[in-house]
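# Structural characterization, general
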Amino acid sequence: MRLLIRKARILDPSQGLDLEGDLLIEEGRIVALDREIPPPSDCEIFEAQRLWALPGLIDLHVHLREPGEEWKEDLETGTTAAAAGGFTAVACMPNTRPPNDSPEVTRYLLSRAREVGRTRVWPVACISKGQEGRELAPFGELKEAGAVALSDDGRPVADSGLMRLALEYAASFDLPVISHAEDPGLSAGGQVNEGPVAARLGLKGIPAEAEAVAIFREVRLAALTGVPVHIAHVSTALSVEILRRAKEEGLPVTAETAPHYFTLTEEAVLEYNTQAKVNPPLRTEVDREAVRQALAEGVIDAVATDHAPHSPLEKEVEFPAAAFGLLGLETAVPLTLNLVREGLLSPLRFAELLSTAPARILKVPGGTLKPGSPADVTLIDPDLPWVVTEEELHSKSKNSPFLGWEMRGRAVLTLVEGEVRWRLR
Ligand SMILES: [Zn+2]
């Protein structure tokens, strides 16, 4: 089958392209990209005036809850939400039940992805067995089974010596390491950002330092070992400063943040709103502004969602008992587009943050529209207004602090290897 996407605004950071043009897809690959392509015979045409065509978006940080917590999400609903959000690939974190610390779990995820997945699924395996921080997982076997990266996400690796060993060992398998940067002693018992809001609510706070000291450790371990490290969900101004210095030093450190950190502040948890309870916690306006600037300046490399579904069983309870986490896959595009509308990001930088950079960090295919590449393509209507409702969301869970929000911008077509995986109405 041939598909010609006509007159889109083509945004491809891998080639530095921002032009109005056509994209021809044949047998799952991009075969041509030009200002005008005469329609070949036997060709479906998709008119894309005013739409943006990007290399398929890649979310390098999601929780699909399978295996073990399928009442919250499963591989099918999670990847459906991903496709609806414009993502053609997601990297799934290993804090499942059991955790992905064995080739059996990795292989299970990949076989489920082949059966029911709407997007590509890149399994991230554990750094330590059982995520217990004591003994390294079998990196070689995990890589052979199909894991693309390592992380104990959800739990920090508390032992610095073990983290050093993990970096050195991961390098021999060319597996990227993703750090959930949190000092567990400093964050212990914390519910929200430490500060006046925590005091007002009578909840224990998590200081910005819990994240910052852990990031500083990773930066120094990257310097010590020469091995790259990727920092997950950066939320504070202090963290941004540490990353800025590390990059100035030329250290191999990359970082992501999530849309909620550049959209919301700790004020969102006032009135004990458990939908906004997330780890790391929502921070202050100063932090939010620092994260926004860091995205514009390149101190933060990528936007990931940290999509973390929870059912009402885990959320409709009193605040201290509620689980951390919120949905991200279907609201990432409009929330990140807000930064484009505010003049902070160019459309090309938007595509870089959501596609090209995640592909580079994970070392997976994608992030490009170069002819010859698999046709993973996302078409976005950057101005389409819509309202976030439970009915609009495809996740099994509905724990979004953005329910009821009026959004602008949405994926209208998501193609994986040229196949339609999502089409808006
Ligand atoms: Zn995490």
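Residues numbered from 1 in each chain as written. Predicted model: local features only at pLDDT ≥ 70, side-chain atom pairs only at ≥ 80, totals over all residues. Heavy atoms only, no water.

- An unreviewed UniProt entry lists the protein chain under the name Dihydroorotase, with Thermosulfurimonas marina as the source organism.
- In UniProt, the protein chain has this text filed under Sequence similarities (unreviewed entry): "Belongs to the metallo-dependent hydrolases superfamily. DHOase family. Class I DHOase subfamily."
- The Pathway (unreviewed entry) field of the UniProt record for the protein chain holds the comment "Pyrimidine metabolism; UMP biosynthesis via de novo pathway; (S)-dihydroorotate from bicarbonate: step 3/3." (UniProt positions renumbered as here; feature names shortened; annotations may be inferred.)

### Quick word on the coordination of the zinc ion
- Every protein donor of the zinc ion is accounted for by Asp153 (OD), His180 (ND1) and His233 (NE2), and the metal-donor separations fall at 1.9 to 2.3 Å.
- We note that the donor set of the zinc ion lies within a single chain, spaced as D-x26-H-x52-H. Of the two residues, Asp153 is situated in the loop between strand S9 (149-151) and helix H4 (160-172) and His180 in the loop between strand S10 (177-179) and helix H5 (184-187); the sequence distance between them amounts to 27 residues. Both residues of the pair, Asp153 and His180, belong to the buried class. (Donors = N, O, S within 2.8 Å, 3.2 Å for Na, K, Ca; no water. Helix = DSSP H or I, 4+ residues; strand = E, 2+ residues; numbered from the N terminus. Buried < 20%, exposed > 50% of the residue type's maximum accessible area, 1.4 Å probe, protein only.)

### Some details on the UniProt feature "binding site: Zn(2+) 1" (unreviewed entry) in the protein chain
- Here the UniProt feature "binding site: Zn(2+) 1" (unreviewed entry) sits at His61, His63, Asp153 and Asp306. A compact arrangement is adopted by the annotated residues: their sequence extent is 246 residues, whereas the largest C-alpha distance between any two is 10.0 Å.
- Counting through the fold element by element, His61 comes out in strand S6 (residues 57-62).
- Each residue touching His61, except ones within four places of it in the same chain, is listed here: Ala91, Met93, Asp153, Ala232, His233, Glu256, Ala304, Thr305, Asp306 and His307. (Contact = heavy atoms within 4.5 Å.)

### Description of helix H2 (residues 103-116)
- Here H2 is 14 residues long and its end C-alpha atoms lie 20 Å apart, about the 20 Å a rise of 1.5 Å per residue gives.
- Taken together, the buried positions of H2 are occupied by Pro103, Val105, Thr106, Leu109, Leu110, Arg112, Ala113 and Val116. (Expected span 1.5 Å × (residues − 1).)

### A short note on the sheet that holds strand S7 (residues 87-92)
- The strand order across the open sheet formed by 8 strands is S6-S7-S8-S9-S10-S13-S14-S15, and the pairing between neighbours is parallel. Each of the sheet's edge strands pairs with one partner strand only, and the pair in question is S6 and strand S15 (302-303).
- Of the strand pairs in this sheet, strand S13 (residues 229-231) and strand S14 (residues 253-257) are connected by 3 bridges, and their pairing is parallel. Bridge pairing in S14 links Ile231 to Ala255.
- Here helix H1 (residues 75-84) sits on the sheet and contacts S7 and strand S8 (120-125); the angle it forms with S7, its principal contact strand, is near 135 degrees. (Pairing = 2+ DSSP bridges. Axes fitted to C-alpha atoms, helices over the stretch in contact; angles between N-to-C directions.)

### Focus on the pattern of salt bridges
- With the rule as written, the count across this model stands at 30 salt bridges.
- Salt-bridge contacts for Glu297 lead to Arg244; the nearest nitrogen and oxygen are separated by 2.5 Å. A residue pair is termed long-range when its members are at least 10 positions apart, and Glu297 in helix H10 (residues 285-297) and Arg244 in helix H8 (residues 237-248) qualify at 53 residues.
- In this structure Arg244 comes out as partly exposed when scored by relative accessible area, which is 22%. (Salt bridge = Lys/Arg side-chain N within 4 Å of Asp/Glu carboxyl O.)

### Remarks on the nonpolar core
- Of all hydrophobic cores here, the largest spans 70 residues; its most connected members are Ile127, Phe139, Val253 and Phe350.
- Residues from two domains meet in this core; each of domain 1 (2-52 + 373-423) and domain 2 (56-362) gives at least three.
- With residues near it in sequence (within four places) discarded, Phe350 still touches Trp52, Leu54, Val333, Thr336, Leu337, Val340 and Ile380.
- Ala53, Ala83, Leu379 and Ala411 belong to the second largest nonpolar core, which has 26 residues in total. (Core = buried A, V, L, I, M, F, W, Y, C linked by side-chain atoms within 4.5 Å. Domains from an automatic or database assignment.)

### Thoughts on helix H12 (residues 332-341)
- Burial of H12 is extensive: 8 of the 10 residues sit out of reach of the surface.
- Taken as a whole, H12 has its buried residues at Ala332, Val333, Pro334, Leu335, Thr336, Leu337, Leu339 and Val340.
- Just downstream of H12 lies Gly343, where phi reads positive at about 85 degrees.

### Concerning the UniProt feature "active site" (unreviewed entry) in the protein chain
- In the numbering used here, UniProt assigns the feature "active site" (unreviewed entry) to Asp306.
- Within the fold, Asp306 resides in the loop between S15 and helix H11 (312-315).
- Classification of Asp306 as buried rests on a relative accessible area of 8%.

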